[in-house]
Each structure stands twice: as C-alpha cells, then as structure tokens.
Amino acid sequence: MPLRIGYVREHFSSPLLQFAEADGGKTFTLVECPSGTGQLIGRLEKDEIDVAIALTDPLISGIAKGSTAYKLVGSYVTTPLNWAVITGKDAPYNSIADLKGTTIGISRYGSGSQTMAYVMALQQGWPTNELQFKVNNDIRGLIDSVNDGSTSAFMWEWFTTKPFVDAGECRFIGSVPTPWPSWLIAAHPTRAPASELKPFLDTLSTYVRAFDAPEKRAADDVAFIKDKFGYPEEDIKAWLKTVGYPQTCAEIPRQVILDTLDVLHKAGFVQRPEGGFDVGQFVNTDIASLV
C-alpha cells in the first residue's frame, strides 16, 4: 500500500508536487491538509496519513508534550518562515503592539499559527500565560474572523496571504520570522516502515536539490509555481530569494531541535523536564541521521 503523505498545498511543496507527478501514485499518495500543521498532526494521530511534511515548531512541541503518533524523520526547508501578522481591512489595529490583550485567531490548537503567537508575545514582552485564542480552522475562517471583529489578528505565511491583502480583504501590520528552519518531516513509527520511507526521502532529496539549483530558480521554478498557484511572478521571485532546501532530506540538525525547544520553553509553550530534553526521543534514528 502506498505511503499516505500529508502536506499543505503551498509554494513550499513544489518539489514534493513534482515528485508526486513523476511517481503517479505508485509509492505514495498526497493528502492535502489546508488547515496546516495542526491538521497534519491530527491526521497522523487518527491514522489518516503516515507521513507529514509540516512546520518545525508544532511538530517539535507535539512530541515535547507527549505525542507518540510520530517521530521526526527528516528536514524539508532549511530557512525560516516569514509569518505575516494580519488584521481586518477596517480593524483598529495598525501595529503588533496594538494587539496586546486581544484575542488572536488560530487554525487549531498546537498549530504554527498558535506557537508563533507565543513567539510574537515573547518578542513583545507580553505575559504569554494571558494569551487568548479563537480557533478558525483555515485561512478563509481566519480572514472572516478579523473582519467580523471576533479576533484582532492572525498569523499566516506571508506570500500565501498576500493575494488576500492585494485583493483588499485584510491588511498586513507586521511580520515575525521563525527563529528556526521552518519545515521538517515526521512519520508514524510503525505505519511508515524504513523499507518505504528511506527510498521516499532519498528520491525527495533529488527533487529538492533539483528545485534548489540556481538554473532552475531562474526560470523553471518560477514557471511551475505560477502555473500551480497563480502567484504574480514578482512575488515568486521574491520568495525564491528567501528559501533554501536541504541537500539531504534524511538529516536533521540536532541544534534545530534544541534551539526550537529553547524558544518554545522561554515562550511558555512547552515545559522543560528535569534534566532537560533528550533530542534522541524526538527523532527516529533508524530513518534519519542527527547531525
């Protein structure tokens, strides 16, 4: 049975989509999760997917909080994610500082939209234990919520949100880049056996390296993203300048896990156990190498 790979259909997923087109469903099928990493983790827990390509911070915080539905098995994007802070078109908020004490929209509890609200609060010096959230599922629900006033703002990836800003549906009032590389790969410990997962990661690495090559970035990548996602060419080129991919997907830098846990602990999102975190508990070392 082919592996079920959960993913978010955004420009970051372009090398995965190219791999999927070539594979034709022989070794894996894609399962779209438009609500993001919170939904991906939920689907791993419910046996709806076997592998998730998802955001670093929710994946790591999920394991830190006791989830056994997955372990980390690889890296997917090596650069930070630029989280936009978005409010309603007529809302009274004009800067991140204006959001103190208000209700922030999130897609799900445990999602990147929630963990990054903690990081934003940490940077602003707000008490993170006073943060208030409202779950709005996906970008459509989040935009509706900032416009009906039930939330003040929400956080989502900059370029994914930009078409809605350009259309006048909402406004940017700031951004918060992640203090860590943005995407990792996680898999269920038994439903994704090494015999299937290792070849998947090896071949994904070849697609990632090809997409990351300077000559592809100059033309082919732009054309692919324009065709698949309909973004303006200048936005695609601007995004490509900011993104980097790993040479080998089946490697995870130990420091990425430690640094992410350190920030999430300082932000009050995870509790550090006595004696500190054991990085080995986060990774399936039968699949991935800690470097």
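The present account deals with the structure reproduced in this document. (Residues numbered from 1 in each chain as written. Predicted model: local features only at pLDDT ≥ 70, side-chain atom pairs only at ≥ 80, totals over all residues. Heavy atoms only, no water.)

## Re the overall build of the protein chain
Counted only if it meets this: Secondary structure counts use DSSP, requiring at least four H or I residues in a row for a helix and at least two E residues in a row for a strand, with both numbered from the N terminus. Every radius of gyration here is taken over C-alpha atoms, with the globule rule written as 2.2 Å times N^0.38, N being the number of residues. With a 1.4 Å probe rolled over the protein chains alone, any residue whose accessible area is under 20% of its type maximum counts as buried; one over 50% counts as exposed, and the rest are partly exposed. Between two residues, a contact is recorded if the distance between any of their heavy atoms is within 4.5 Å. All accessible-area figures derive from a Shrake-Rupley calculation using a 1.4 Å probe, and residue coverage is judged against the displayed protein chains alone.
Helices and strands together make up the secondary structure of the protein chain, namely ten helices and twelve strands. Relative to the 2.2 N^0.38 estimate, which gives 19 Å for 291 residues, the radius of gyration of the protein chain is 18 Å and therefore close to what a compact globule would have. With the C-alpha coordinates aligned to their principal axes, the bounding extent of the protein chain is approximately 55 × 50 × 30 Å. For the protein chain, the residues scored as buried account for 55% of the 291 residues in total. Sequence-distant contacts, at least 24 apart, represent 79% of the contacts inside the protein chain between residues at least 6 apart. Put simply, the protein chain shows about 12000 Å² of open surface, and 49% of that area lies on carbon and sulfur atoms.

## Observations regarding the sheet that holds strand β2 (residues 28-32)
Note the following rule: Pairing between strands is defined by DSSP: at least two bridges between the two strands are required. Each axis is a line fitted through C-alpha atoms, and for a helix only the stretch in contact is used; angles between axes span 0 to 180 degrees, taken between their N-to-C directions.
In spatial order, the strands read β2-β1-β3-β10-β4; together these five strands make up an open sheet with mixed pairing. The sheet is open, and its two borders are formed by β2 and β4 (71-77), each paired with just one other strand. Each neighbouring strand pair of the sheet contributes to a mean axis angle of 25°, computed without reference to strand direction. By the bridge criterion, five bridges tie β4 to strand β10 (residues 183-187) in an arrangement that is antiparallel. Its bridge partner being in β10, Gly 74 is matched across the sheet by Ile 185. Together, β1 (3-7), β2, β3 (51-55) and β4 form the strand contacts of helix α1 (residues 14-23), whose direction differs from that of β2 by roughly 135°.

## A closer look at unusual backbone geometry
Positioned with a positive phi, Asp 47 is a non-glycine residue whose angle comes to about 65°. If you check the backbone angles, Asn 137 has positive phi at about 70° while not being a glycine. If you trace the backbone, Asn 137 turns up in the loop between β7 (132-135) and α5 (139-148). Looking at Asn 137, the relative accessible area reads 41%, which means it is partly exposed.

## Some details on the packing of helix α8 (residues 214-229) against helix α9 (residues 233-240)
The test is simple: For this classification, under 35 degrees means roughly parallel, over 145 means roughly antiparallel, 65 to 115 means roughly perpendicular, and everything else is oblique. Take the far helix as your reference; a near helix turned counterclockwise from it by less than a right angle gives a left-handed crossing, and one turned clockwise gives a right-handed crossing. When residues are grouped by polarity, Ala, Val, Leu, Ile, Met, Phe, Trp, Tyr, Cys and Pro land in nonpolar, Asp, Glu, Lys and Arg in charged, and all others, Gly among them, in polar.
With their axes 10 Å apart at the nearest point, α8 and α9 run at an angle of 125° to one another. As summarised for this structure, α8 and α9 are arranged oblique, according to the angle between their axes. Regarding α8 and α9, the two cross each other, and that crossing is right-handed. Of α9, the residues touching α8 (which contributes Arg 217, Asp 221, Val 222, Ile 225 and Lys 226) are Glu 233, Ile 236, Lys 237, Trp 239 and Leu 240. In terms of residue class, the contact of α8 with α9 is made up of five nonpolar, no polar and five charged.

## Quick notes on the packing of aromatic side chains
Condition: Note on aromatic pairs: the rings of Phe, Tyr and Trp (six-membered ring only in Trp) are paired at centre separations within 6.5 Å, and the planes decide the class, stacked below 30 degrees, edge-to-face beyond 60, tilted for the rest.
According to the stated counting rule, one finds 13 aromatic pairs in the structure shown. Centroid distance Phe 12 to Trp 239: 5.1 Å. Interplanar angle 85°. Geometry classified as edge-to-face. Taken together, the residues Phe 12 in the loop between β1 and α1 and Trp 239 in helix α9 connect sequence positions 227 residues apart. Grouping residues by exposure puts Phe 12 and Trp 239 together as buried.

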